[in-house]
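Listed below are the residues making up each chain.
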Amino acid sequence: MKVIRTITELRRELSLMRKKQAIHSEETIVGLVPTMGYLHQGHASLMKAAREQSHIVVLSIFVNPIQFGPNEDFESYPRDEQRDLETARAEGVDIVFIPSVEEMYPQPTQTTIAVSGITERLCGASRPGHFNGVTTVVSKLFNIVQPQKAFFGMKDAQQVAVIEQMVHDLNMPVDIIPCPIVREQDGLALSSRNVYLSAELRQEALVLSQALRAAQESVEIGTAVTAKDIRRLLHEHIGKSAHAVIDYAEIQAFPSLEPLADQEELNAYDDLLIALAVKFGKTRLIDNIRIQKMEVLSHV
Ligand code: PAF
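Residues numbered from 1 in each chain as written. Predicted model: local features only at pLDDT ≥ 70, side-chain atom pairs only at ≥ 80, totals over all residues. Heavy atoms only, no water.

Asks: I'd like a description of the site of the ligand, backed by residues and values.
Replies: Taken together, Pro 34, Thr 35, Met 36, Asn 64, Gln 67, Val 134, Val 137, Phe 152, Asp 156 and Gln 159 make up the full set of residues near the ligand. In this structure, an oxygen atom belonging to the ligand sits 2.6 Å away from a side-chain N or O atom of Gln 67. Gln 159 places a side-chain nitrogen or oxygen 2.7 Å from an oxygen atom of the ligand. Protein contacts shield 88% of the accessible area of the ligand, which totals 290 Å² for the unbound molecule. Looking at the shell around the ligand, the elements with two or more residues in it are strand S2 (30–35) and helix H6 (130–145). (Near = heavy atom within 4 Å. Polar contact = N/O pair within 3.5 Å; in protein donor to acceptor, adjacent residues only side chain to side chain. Areas by Shrake-Rupley, 256 points an atom, 1.4 Å probe, with all protein chains shown as cover. Helix = DSSP H or I, 4+ residues; strand = E, 2+ residues; numbered from the N terminus.)

Asks: Now, about the UniProt feature "binding site: beta-alanine" (unreviewed entry) in the protein chain: what can you tell me, with residues and values included?
Replies: Taken from the UniProt record, the annotation "binding site: beta-alanine" (unreviewed entry) applies to Gln 67. Exposure remark for Gln 67: the relative accessible area of 10% places this residue in the buried category. If we ignore the near neighbours within four places in the chain, the residues touching Gln 67 are Met 36, Glu 72, Arg 127, His 130, Gly 133, Val 134 and Val 137. Separated by 2.9 Å, the side chains of Gln 67 and Asn 64 make a polar contact. (UniProt positions renumbered as here; feature names shortened; annotations may be inferred. Buried < 20%, exposed > 50% of the residue type's maximum accessible area, 1.4 Å probe, protein only. Contact = heavy atoms within 4.5 Å.)

Asks: Which residues make up the sheet that holds strand S3 (residues 56–61), and what values go with them?
Replies: Spatial strand order, S1-S4-S3-S2-S5-S6: six strands in an open sheet with parallel pairing. The open sheet has two free edges, formed respectively by strand S1 (2–4) and strand S6 (175–179), since each of these has just one partner strand. Strand-to-strand twist of the sheet, defined as the mean angle between neighbouring strand axes without regard to direction, takes the value 25 degrees. Pairing between S3 and strand S4 (residues 95–97): three bridges, direction parallel. Following the sheet pairing, Val 58 is matched in S4 by Ile 95. Strand contacts of helix H1 (residues 7–24): S1, S2, S3 and S4, with the helix running at about 160 degrees to S4, the strand carrying the most contacts. (Pairing = 2+ DSSP bridges. Axes fitted to C-alpha atoms, helices over the stretch in contact; angles between N-to-C directions.)

Asks: So what's going on with the side chain of Gln 159? Residues and values would help.
Replies: Inspection of the secondary structure assignment puts Gln 159 in helix H7 (residues 157–169). Ignoring anything within four residues of it in the chain, the contact list for Gln 159 reads Phe 131, Val 134 and Phe 152.

Asks: So, the packing of aromatic side chains: which residues are in play, and what are the values?
Replies: The full count for this structure, using the stated rule, is three aromatic pairs. Aromatic pair Phe 68 and Phe 74: ring centres 5.5 Å apart, planes at 65 degrees, arrangement edge-to-face. Summarising the burial analysis for this pair, Phe 68 and Phe 74 share the class buried. Ring geometry for Phe 68 versus Tyr 77: centroids 5.8 Å apart, planes at 75 degrees, classification edge-to-face. Within the aromatic cluster, the residues linked to one another by ring pairs are Phe 68, Phe 74 and Tyr 77. Over the ring of Phe 74 we find Arg 79; its NZ or CZ atom is 5.2 Å from the centre of that ring. (Phe/Tyr/Trp six-rings, centres within 6.5 Å; stacked < 30°, edge-to-face > 60°. Lys NZ or Arg CZ within 6 Å of the ring centre and 35° of its normal.)

So this is what it looks like as structure tokens:
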């Protein structure tokens, strides 16, 4: 496994690897797994999917300053390069790209990528500028690596929808591969930010997956019929935690992320996303479940 820190060296190495691979196959598939590091089993599942579907797997580790707001956790975002390298090696990654901030954003820079519409809701509403930071860095990574496939976790379902929209709108020649949410045994969705939670708040954070499971069951057995039923149920469940402060508990069409009006019936939609963002102390957690053609896609 090669650890590379500059764009020039990455391009050189990838060009060599592509040439070698071309001897064995007509088309060389480079799979990119973009991350901000502090890797967990959710990231490992992305690397596994990339390994299965690509000839060359590139993992990027870059805590991207421009997707953090001024009062967010850029400085304190957890980092552990040595452990990340061990995880990447165990998953059979070929190249780990770990650029510095100066390498990714040499000054002055005047170009950003902005997707409108779907970035204005949910996390986009509470984190202004966040998705511009994400789409800018992801398009830079796509230009640098030129992958055929890029792998993203569905825990950030809005991020997946935004990146798919960008790729579609800008005719980027890359397939976006969404991968299922990975959970702890007790249901907590894996996130690098879980490390911030005290034992008490971690226990309380279980209301997220419990609320989603309750919503899923109510849809399945038909006790939740309208968007309002889902919103009420989510608020009831999350309200059981003394420290939970809801940012949003929403149901919307996927991937447009158009919110459903309260009285709208769920069975009018083929593909729905129930999404949560909740603060426990200073830690903001997100989680979601997708319901497609009234069939639950991923079980909580
Ligand atoms: O999901 C993440 O970890 C980040 O938003 C990403 C896609 C690596 C861009 O910085």
